Amino acid sequence: MSNKKSRGRGGGGGAAASGDGHEDLARPPPLQAVLLADSFTLKFRPITLERPKVLLPLVHMPMIEYTLTWLESAGVEEAFVFCCAHSHQVKEYLEKAGWAGKSGPGSMAVTAVESHDAISAGDALRVIYDRGVIHGDFVLISGDTVSNMSLKDALQEHMDRKKKDPLAVMTMVIKHSKPSILTHQTRLGNDEIVMAIDPETKELLYYEDRADSSHLYVTIDKDILTNNPTLQLHNDMEDCYIDICSPEVLSLFTDNFDYQHLRRHFVKGLLVDDIMGYKIYTHELRSGYAARIDNFRSYDTVSKDVIQRWTYPMVPDVISSRDCSESRLHRQGIYKASDVTLSPSAQIGANSVVGSATSIGDHCKVLNSVIGEGCKIGKNVLINGSFIWDNVIIEDGCKVSNSLVCDGVHLRAGAIVEPGCVLSFKVEVGKNVVVPAHSKVSLLPQPSNEDSDEELEYADTNSGITDSPPFSSMRSNGDQATVPLEEDELGTSEAGTCGVVGYVWTSVDTGIVEEWRQSIAPIPKEKLEELRHAASDDDGSEDESNNRTLPDKDDSSDSVVDDDDHISKFEKEVEETFQRALGGGVNRDNLILEINGLRLAYSLQHADCAGAVFYSVMKSALVAAQSTNDTLLKTTADALGKWKDLLRNYTKTVDEEMEILLKFEEMCQETTKEFSPLFPTILPYLYDREVVSEDAILRWAEEKEHADESDKVFVKQSEAFIKWLKEAEEEDDEEEE
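Residues numbered from 1 in each chain as written. Predicted model: local features only at pLDDT ≥ 70, side-chain atom pairs only at ≥ 80, totals over all residues. Heavy atoms only, no water.

Some remarks on the overall build of the protein
Then, number 1: Looking only at helices and strands, the protein features 21 helices and 35 strands.
Then, number 2: Relative to its full complement of 737 residues, the protein shows a buried share of 54%.
Then, number 3: Of all intrachain contacts in the protein linking residues separated by at least 6 positions in sequence, the fraction that spans at least 24 positions is 62%.
Then, number 4: Looking at the protein as shown, the accessible area adds up to about 33000 Å², and 47% of this sits on carbon and sulfur atoms. (Helix = DSSP H or I, 4+ residues; strand = E, 2+ residues; numbered from the N terminus. Buried < 20%, exposed > 50% of the residue type's maximum accessible area, 1.4 Å probe, protein only. Contact = heavy atoms within 4.5 Å. Areas by Shrake-Rupley, 256 points an atom, 1.4 Å probe, with all protein chains shown as cover.)

Here we look at the sheet that holds strand 28 (residues 410–411)
Then, number 1: With mixed pairing, the seven strands of this open sheet are ordered in space as 16-19-22-25-28-31-34. Sheet topology places strand 16 (341–342) and strand 34 (500–501) at the edges, where each strand pairs with a single neighbour.
Then, number 2: Pairing between strand 25 (residues 393–394) and strand 28: two bridges, direction parallel. Its bridge partner lying in strand 28, I394 is registered against L411. (Pairing = 2+ DSSP bridges.)

What to know about the packing of helix 17 (residues 654–671) against helix 19 (residues 694–703)
Then, number 1: Their axes nearest at 9 Å, the elements helix 17 and helix 19 cross at an angle of 60°. One way to sum up the angle between helix 17 and helix 19 is to call them oblique. Regarding helix 17 and helix 19, the two cross each other, and that crossing is right-handed. Residues V654, D655, E657, M658, L661, L662 and E665 of helix 17 pack against D695, A696, I697, R699, W700 and E703 of helix 19.
Then, number 2: Its residues assigned to classes, the contact of helix 17 with helix 19 comprises seven nonpolar, no polar and six charged. (Axes fitted to C-alpha atoms, helices over the stretch in contact; angles between N-to-C directions. Parallel < 35°, antiparallel > 145°, perpendicular 65-115°, else oblique. Left-handed = near helix turned anticlockwise from the far one by under 90°. Nonpolar A, V, L, I, M, F, W, Y, C, P; charged D, E, K, R; others polar.)

Things to note about the sheet that holds strand 21 (residues 370–371)
Then, number 1: Taken in spatial order, the nine strands of this open sheet run 14-15-18-21-24-27-30-33-35, and their pairing is mixed. The strands lining the two open edges of the sheet, one partner per strand, are strand 14 (327–330) and strand 35 (503–504).
Then, number 2: Sheet topology note: the strand 24 (residues 387–388)/strand 27 (residues 404–405) ladder contains two bridges and is parallel. Within the sheet, the bridge partner assigned to F387 lies in strand 27 and is L404.

Side note on helix 4 (residues 87–96)
Then, number 1: Taken together, the buried positions of helix 4 are occupied by S87, V90, Y93 and L94. Projection of helix 4 onto a plane perpendicular to its axis shows the buried side chains occupying an angular sector of 125°, all on one side. Exposed side chains of helix 4 directed beyond 90 degrees from the buried face belong to E92 and E95.
Then, number 2: Where helix 4 is buried, its residues touch strand 3 (61–62), helix 3 (63–73), strand 4 (78–83) and strand 5 (109–114).
Then, number 3: Looking one or two residues beyond helix 4, the residue adopting positive phi is G98, at roughly 85°. (Arc of directions from axis to C-beta.)

A closer look at the confidence of the model for the protein
Then, number 1: Looking at the protein, pLDDT values average 77 and 77% of them are 70 or higher.
Then, number 2: Contacts of residues 478–498 to residues separated by more than four positions or lying in other chains number 39 contacts, the stretch itself having pLDDT below 50.
Then, number 3: Note on residues 509–513: pLDDT under 50 across the span, and six contacts to partners over four residues away in sequence or across chains. (pLDDT = per-residue confidence, 0-100.)

A few points about the pairing of strand 6 (residues 138–142)
Then, number 1: By the criterion of burial, strand 6 is predominantly enclosed, with five of the five residues buried.
Then, number 2: In this sheet, strand 6 lies alongside strand 1 (residues 32–36) in parallel orientation, the contact comprising five bridges. Directly across from A33, in strand 6, lies its bridge partner V139.
Then, number 3: Where strand 6 lies against strand 11 (residues 232–245), four bridges are found, and the strand directions are antiparallel. Bridge pairing in strand 11 links F138 to C245.

Looking at the packing of aromatic side chains
Then, number 1: Following the criterion strictly, the structure yields 13 aromatic pairs and no others.
Then, number 2: Arranged with centres 6.1 Å apart and planes meeting at 50°, the rings of W389 and F425 form a pair that is tilted. With W389 in the loop between strand 24 and strand 25 and F425 in the loop between strand 30 (422–423) and strand 31 (428–429), this residue pair connects regions lying 36 residues apart in the sequence. Comparing W389 with F425 shows no difference in burial state: the two are buried. (Phe/Tyr/Trp six-rings, centres within 6.5 Å; stacked < 30°, edge-to-face > 60°.)

Thoughts on the state of the cysteines
Then, number 1: Throughout the structure, instances matching the rule amount to zero disulfides.
Then, number 2: For the unlinked cysteine C84, the closest cysteine sulfur is that of C83, found at 8.1 Å. (Disulfide = S-S within 2.5 Å.)

So, helix 3
Then, number 1: Helix 3 sits mainly inside the fold: nine of its 11 residues count as buried.
Then, number 2: Looking at helix 3, one finds that the buried residues are M63, I64, E65, Y66, T67, L68, T69, W70 and L71.
Then, number 3: After helix 3 finishes, the residue G75 shows a positive phi value of roughly 100°.

Side note on the pattern of salt bridges
Then, number 1: Considering all chains together, one arrives at 25 salt bridges under this definition.
Then, number 2: Here E395 ties to R412 by a salt bridge, and the two come within 3.9 Å at their closest N and O atoms. Of the two residues, E395 is situated in the loop between strand 25 and strand 26 (399–401) and R412 in the loop between strand 28 and strand 29 (416–417); the sequence distance between them amounts to 17 residues.
Then, number 3: For R412, a relative accessible area of 18% corresponds to the buried category.
Then, number 4: What you see here is one network of salt bridges that share partners, running through K53, D144 and R292. (Salt bridge = Lys/Arg side-chain N within 4 Å of Asp/Glu carboxyl O.)

Focus: the pairing of strand 10 (residues 204–208)
If a strand is regular, its side chains alternate between the two faces of the sheet.
Then, number 1: Burial of strand 10 is extensive: five of the five residues sit out of reach of the surface.
Then, number 2: Judged from the four bridges that link them, strand 9 (residues 193–197) and strand 10 form a sheet pairing that is antiparallel. What sits directly across from V194, in strand 10, is E208.
Then, number 3: Turn length for the strand 9-strand 10 hairpin, with the two strands adjacent in sequence and antiparallel, is six residues, and the turn residue K202 shows positive phi of about 70°.

With respect to the environment of W643
Then, number 1: Along the chain, W643 falls in helix 16 (residues 629–648).
Then, number 2: W643 gets classed as buried once you look at its relative accessible area, which sits at 4%.
Then, number 3: Distance in space between the C-alpha atoms of W643 and V617 is 7.3 Å, their sequence separation being 26 residues.

A few points about unusual backbone geometry
Then, number 1: Residue R45 is joined to P46 through a cis peptide bond whose omega torsion reads 5°.
Then, number 2: With respect to the element layout, P46 can be found in the loop between strand 1 and strand 2 (57–58).
Then, number 3: The omega torsion across Y312 and P313 is 10°, close enough to zero to call that bond cis.
Then, number 4: On the secondary structure map, P313 appears in the loop between helix 10 (296–307) and strand 14.
Then, number 5: At A357, a residue that is not glycine, the phi angle is positive and equals roughly 60°.

This is how it looks when you write it as structure tokens:
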């Protein structure tokens, strides 16, 4: 422990004892981090009544493991883990996983800071300040954050600003993430955030994370507009909740006890405080990954991002905790431990993970799902888009769709778990019982004193238990009706055979207005249709509003750059949406609705969709191929065959078909050069599958005749096929004559 303290002081204490004090005094203090291991929210209840959120498994790894691993790789030398609720579990994990007690070059010293009185992030930072452990700039992060970004640029920007302006006390990491035009949410299930940022200095001028999406305007103080003649107003930025802070941030929390929430109180408080003059800046993440798991939808989204390797090297086959067996990556993004017992007739679909010592019986299907360790899955079981944790028993004929099933749950034969359900630890579901969509079931009754869902998950106790009814009246999946359970039957060994052992939690006003908004389950098609109709009813007012806010495009040079950036952002959003469809996060029937929503949001044409969708399809083939040209040809054929109907939806005209060809050329020359030698082979396939027509190919070739030689590369590669098309066209003309 003494070593950690001396390192935390940056060698200042050693200056007097060493012979070369000047070197020690000049040495900057070590980079420190404060990691909040409490969520201070109720969003993951009932699970977090029994286990802290940071220890919940994310693709077989506790969330905090991703956060600590990233901090160490980013150059943090000393991390203080603040824990309150279930603090003994967090401290035990840090010891067991080997984080506590680490020291030495290249390693990060981790120290737990425990308090049982804190009820918010503000209280946590006040405790950190009182302990006197932070001695310089530090990284503030929550233990439910997954990232692989480099901190170097953000840190340098923060340091440079501080030299010029001591009042620059925080740099917030943000990234582009266009919210859905229909739901006004990001892909993580968070409500859209409105920010005003100075385009030159990147200073944050306005922040609103509870904007009312029913209005087409926000209210900004006139002083902000007066003092900042130029600013950019964003609703397309996501807050990564990774902050680089000066030590003054801790003293600000200590001086202001009304600062509880990091954003709604602290950030907004500083932005309107004219007396102190402290400033917050932003750093936009343009490469790398960063996301916070704030709700069940983001849990689902980030899990799929990990499986699809967007978080590399934070992926299952590269990092593993001490308790986790190693997973091996197979084709199509399938991870399996070496000791999995898998029936020859069982099917493991793409983007799935199966843990150690798990057995899967005959004719089972596991699709887009994560199965934990030590699970026993019977015959004819269907698991789709779900997360099954450790030591779960699923008997024959069960179906689990887009749900989360915790450790030790037992599903009897024929049970059905409908989308959006959360079955907490050791819940038992009886034979042929149907658990309705979005149900939350726990062996613990629902507390009666739940306040608003801001920052409150602070106690290990189960005080304030309400008289929740047992989960006793579920409908049956068989001919025989389910027998209701009486409350005194819950402890009997036979209770699970006729109903469900556990309490159903009712939906209370904890900040979640509608279950579908933050559920693991995809947004229902009927809900998207309802939202789309509501949006179309407001088209007139939206158009009028958009016309008022369009920039003046008389100034030519910048507008071209802005348009290119606009298109690239749209293409990135389409790719992210397509990836979610591959991972099961978006139903294929809803995919066109989602893409059309993006098209409307960006005010683009079908041709732009054609190019963006084609890029996403081809990129998925490249990721799946992994190696040789032969493999790439096969995965490309599979992907185009699977998604040709989606592509055809955006290629109704020759111009739209030509957009596909132009996009393919661009990909071969710039972003995905692996396709370059395969262009003349893939082009006939596009023609055969009616993705592009003969007219489009011939017109493309004709327009290239007068182009530079560098633009004719792929036309020349495809000369034989183009010649065949021309001859076939001439023969058709002769026959008609």
